[in-house]
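# Coordinate analysis (summary)
Residue strings, one per chain:
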Amino acid sequence: MSLKERLSLRKFYLFAVVLMLLAGPMSHSMAQKPKAVQSLRVKVLSTMLTGGNAGIGEWGFAALIEVDGHQILFDTGARPETVLQNVRELNIDLANVKDVILSHNHGDHTTGLLTLRREFMKKNPAALSRVHVGKGIFWSRPAGNNEGNYVVKIKSEYEATGGTFIEYNEPKEILPGVWLTGPVPRVHAERNWSGSGRMKSPDGLVEDNLPEDISLVAVTDKGLVVVSGCGHAGIINTLEHARKKVQNTNVYAALGGFHLFALNDEKLDWTASKLKEFGLQQFLGAHCTGIEAVYRLRQQTGLDRQSCVVGAVGASFDLSKGIDPTVLAK
Ligand SMILES: [Zn+2]
Ligand SMILES: [Zn+2]
């Protein structure tokens, strides 16, 4: 082989190696692209306001998520009977809903669980029999001499009905295109919790920052849709975590409770600028999001009264149709 031939052979090998290096990460990312859900509907079952003649309001949150033929109950309301009463009035049957997500331990999201399980298991033993939670939800929250953590208090009672808990310490795809965030790193100091609570963590008695707070993330062709219960991890921390761990894309919709009610305008404007940066197009702010906060975010993000709405009982979001705010917020 002449020197010239050997050189051109070397060039060929180099070219082949470069091609392989380029093709490697491309085919990898294509294989990694998460599945997108086709149909998605979220209906509010517990929040402060009622949207029409059906249902009662409370300081709490619950929503029914219907995704590609599956139903999931996200949180269970503040009072034992509220969600049961509201689904009856809204003509919704939870007997075929097996899965429940509890966003965190607070009673305004968890107190309906036992009532609902007991009622709907009469019709279907599997109804509301599987509860998905984030790590830390079972850590004790001492309140004087009592247990302040409602989930700890009812755990054995719930399990005695045949129900089980599944605990997550990291993001997990629970259905094709449907993820739970797992505990969310607190990158930004959003500090959306009271600060007065204490919890018995493995490191001892420390400030309760609701480490178990989880949200649901659906991957859609329009971008991510995120459902939050009380937002203790921070809306921006949660959305950034979803974009990092589920799919690095725009956030199409944020729905539920985001604990923004007590924020000053400066913090709300920072939140709005981040939401704008993420490409947010639909916002249903229920529960602890706060009414003033929803209006401020609407103004600062450039959304309008159809796309940035105060959530009421009976209000819904549909991936293809957008938000139906009920008559209250027409
Ligand atoms: Zn809470
Ligand atoms: Zn709450």
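See the structure printed just above.
Residues numbered from 1 in each chain as written. Chains lettered and ligands numbered in written order. Predicted model: local features only at pLDDT ≥ 70, side-chain atom pairs only at ≥ 80, totals over all residues.

### Some points on the pairing of strand β16 (residues 282–286)
Among the five residues of β16, five are classified as buried, and the element is accordingly described as predominantly covered. On β16, burial covers both faces: Gln 282, Leu 284 and Ala 286 on one face and Phe 283 and Gly 285 on the other are all buried. Sheet topology note: the strand β15 (residues 251–257)/β16 ladder contains five bridges and is parallel. Counted as the bridge partner of Leu 255 is Leu 284 from β16. Tracing the backbone out of β15, into helix α7 (residues 265–277) and back to the parallel element β16 gives a crossover that is right-handed. Pairing between β16 and strand β17 (residues 308–310): three bridges, direction parallel. Paired with Leu 284 across the bridge in β17 is Val 309. Once you follow β16 into helix α8 (residues 291–301) and on to β17, the crossover reads as right-handed. (Buried ≥ 20, exposed ≤ 12 C-beta atoms within 10 Å, placed from the backbone. Helix = DSSP H or I, 4+ residues; strand = E, 2+ residues; numbered from the N terminus. Pairing = 2+ DSSP bridges. Right-handed = clockwise from strand over helix to strand, strands pointing away.)

### Quick look at the sheet that holds strand β13 (residues 216–220)
Here seven strands make up an open sheet; going across it, the order is β9-β10-β13-β14-β15-β16-β17 and the pairing mixed. Two strands close off the open sheet at either side, each with one partner strand: β9 (172–175) and β17. Taken over all neighbouring pairs, the strand axes of this sheet differ in orientation by 20° on average, direction set aside. Inspection of the sheet shows strand β10 (residues 178–180) paired to β13 by three bridges, in the antiparallel sense. Within β13, the position partnered with Trp 179 by the bridge is Val 217. Helix α6 (residues 235–245) rests against β13, β14 (223–228) and β15 of the sheet, and its axis sits at about 140° to β14. (Axes fitted to C-alpha atoms, helices over the stretch in contact; angles between N-to-C directions. Contact = placed C-beta atoms within 7 Å.)

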